[in-house]
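# Architecture and fold: a report
Okay, here's what each chain looks like letter by letter:
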Amino acid sequence: MGCCSGRCTLIVLCTVQLVTALERQVFDFLGYQWAPILATFIHIVMVILGLFGTIQYRPRYIVVYAVWAAIWVTWNVFITCFYLEVGGLSKDSELLTFNLSKHRSWWREHGPGCQREEPAAGWRPPDGQALVPGVGCTLEHGYVEALHSTLQILVALVGFVYACYVVSVFTEEEDIDFIGGFDPFPLYHVTEKPSSLLFKQVYLPA
């Protein structure tokens, strides 16, 4: 397959997914978002698996990647709804931190255009982490997180489509190789063996 094939496109998509996932993982670590950290780690492993399967012509690995892509889309839809507070969800809950941190998002304090306000004298959270949200933000942290998830959804959907296409192409090529490489041999040996026996019988000395 050429460089403009679905296989090469899927390789590019997996690379883009790795870059965006690593970027997201960094900011999740900075914001102590343990549930997204765990999910993104699994996502990185699955994307690497899909990338390996695409390069090495392993359709089973690509199928695993495609299944995970559907799960990843579902997860990011949930994250989008969480930060936009859809369906009774609240972005101020500790659901994504497993109640291990008071942080909500790194973008809550360091979003575009945000200005930090130092906490009042003598007031500090028990773990020593500054939790005062930024003020005057150009874009609220919930929208920044939702945009990140929307990007992941779009790339994963395109990756899912191309993964299905590449698997179908690989399967067709395997079927063609099986039929083309396996069929002539039995016919050749079946027709050759009786003729050789007949030749030996005719010229056999008395």
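Going along each chain's sequence as written, the residues are numbered from 1 onward. Per-residue local features are limited, in this predicted model, to residues with pLDDT of at least 70; the limit for side-chain atom pairs, both in listing and counting, is 80 or more; totals at the level of whole chains, interfaces and linings are taken over all residues. Excluding hydrogens and water, the side-chain figures rest on all heavy atoms present in the structure.

Bringing the overall build of the chain into the picture now. Runs of E in the DSSP output that reach at least two residues are strands. Runs of H or I that reach at least four are helices, and both are numbered from the N terminus. Check the secondary structure of the chain and you find six helices and zero strands. Going from N to C terminus, the chain has its helices and strands arranged as α-α-α-α-α-α. Whether a residue is buried, partly exposed or exposed follows from its accessible area with a 1.4 Å probe, protein chains only, as a fraction of its type maximum: under 20%, in between, or over 50%, in that order. Counting across all 206 residues of the chain, residues that qualify as buried make up 37%. Across the chain, the fraction of contacts at a sequence separation of at least 24, relative to all contacts at a separation of at least 6, is 65%. Residue contacts are counted whenever heavy atoms from the two residues lie within 4.5 Å of one another.

Let us now look at the side chain of Glu145. When you line up the elements, Glu145 lands in helix H5 (residues 141-182). Asp and Glu are treated as the negative residues and Lys and Arg as the positive ones, with His and the ends of the chain left uncounted. The working definition used for a salt bridge is a side-chain nitrogen of Lys or Arg within 4 Å of a carboxyl oxygen of Asp or Glu. Within the buried core, Glu145 has no salt-bridge partner, and the shortest N-O distance to an opposite charge, that of Arg24, equals 5.1 Å. Among all residues touching Glu145, those that are not within four sequence positions of it are Tyr83, Ser105 and Trp107.

Pairing between side chains becomes possible if they bear opposite charge and their charged atoms approach one another. Applying the stated criterion to the full structure yields one salt bridge. Put simply, Lys91 and Glu140 hold a salt bridge, and the shortest N to O gap is 2.3 Å. One end of the pair, Lys91, is in the loop between helix H3 (59-83) and helix H4 (107-110); the other, Glu140, is in the loop between H4 and H5, with 49 residues separating them in the sequence.

What follows is about a nonpolar patch on the surface. Each patch is built from residues lacking any salt bridge and having more than 30% relative accessible area; the joining distance is 9 Å for like charges and 5 Å for nonpolar side chains (Val, Leu, Ile, Met, Phe, Trp, Tyr). In these tables, accessible area is a Shrake-Rupley quantity obtained with a 1.4 Å probe, and a residue counts as shielded only by the protein chains included in the view. Residues Val158, Phe160, Val161, Tyr162 and Tyr165 make up a contiguous nonpolar surface patch of roughly 430 Å² in combined accessible area. If you trace the backbone, Tyr162 turns up in helix H5.

As a further point, take the confidence of the model for the chain. Per-residue confidence from the predictor is given as pLDDT, running between 0 and 100. On average, residues of the chain score 80 in pLDDT, and 72% of them are at 70 or above. Within the model, pLDDT remains below 50 along residues 126-130, and this stretch shows eight contacts once partners closer than five positions in the same chain are excluded. This stretch, residues 182-193, has a pLDDT under 50; its non-local contacts, to residues over four places away or in other chains, come to two contacts.

What follows is about the environment of Thr138. Mapped onto the fold, Thr138 is located in the loop between H4 and H5. Classification of Thr138 as exposed rests on a relative accessible area of 66%. Dropping the residues within four chain positions of it, Thr138 is found in contact with Pro112 and Gly113.

By the element assignment, Arg7 lies in helix H1 (residues 6-30). What makes Arg7 buried here is its relative accessible area of 13%. The sequence separation of Arg7 and Ile55 amounts to 48 residues, and the corresponding C-alpha distance is 7.9 Å. In terms of polar contacts, Arg7 uses its side chain to reach the side chain of Tyr57, at 3.4 Å. We call two N or O atoms a polar contact when they sit within 3.5 Å, provided that within protein one can donate a hydrogen and the other can accept it, with sequence-adjacent residues counted only if both atoms are side-chain atoms.

Right, let's get into the side chain of Asp28. You can see Asp28 is positioned in helix H1. For Asp28, the residues in contact, after removing those within four places along its chain, are Gln33, Pro36, Ile37 and Thr40.

Definition used in this section: a nonpolar core is a set of buried Ala, Val, Leu, Ile, Met, Phe, Trp, Tyr and Cys residues joined via side-chain atoms within 4.5 Å. In this structure, Leu10, Cys14, Ile62, Tyr65 and Ala163 are the most contacted members of the largest nonpolar core, which totals 14 residues. Of all the secondary-structure elements, those providing two or more residues to this core are H1, helix H2 (34-55), H3 and H5. Excluding its chain neighbours within four sequence positions, the residues that come into contact with Tyr65 are Leu10, Cys14, Gln17, Met46, Val47, Gly50, Gly159 and Ala163. If you look at the next biggest cluster of nonpolar residues, it comprises six residues, including Trp68, Trp72, Val73 and Ala156.

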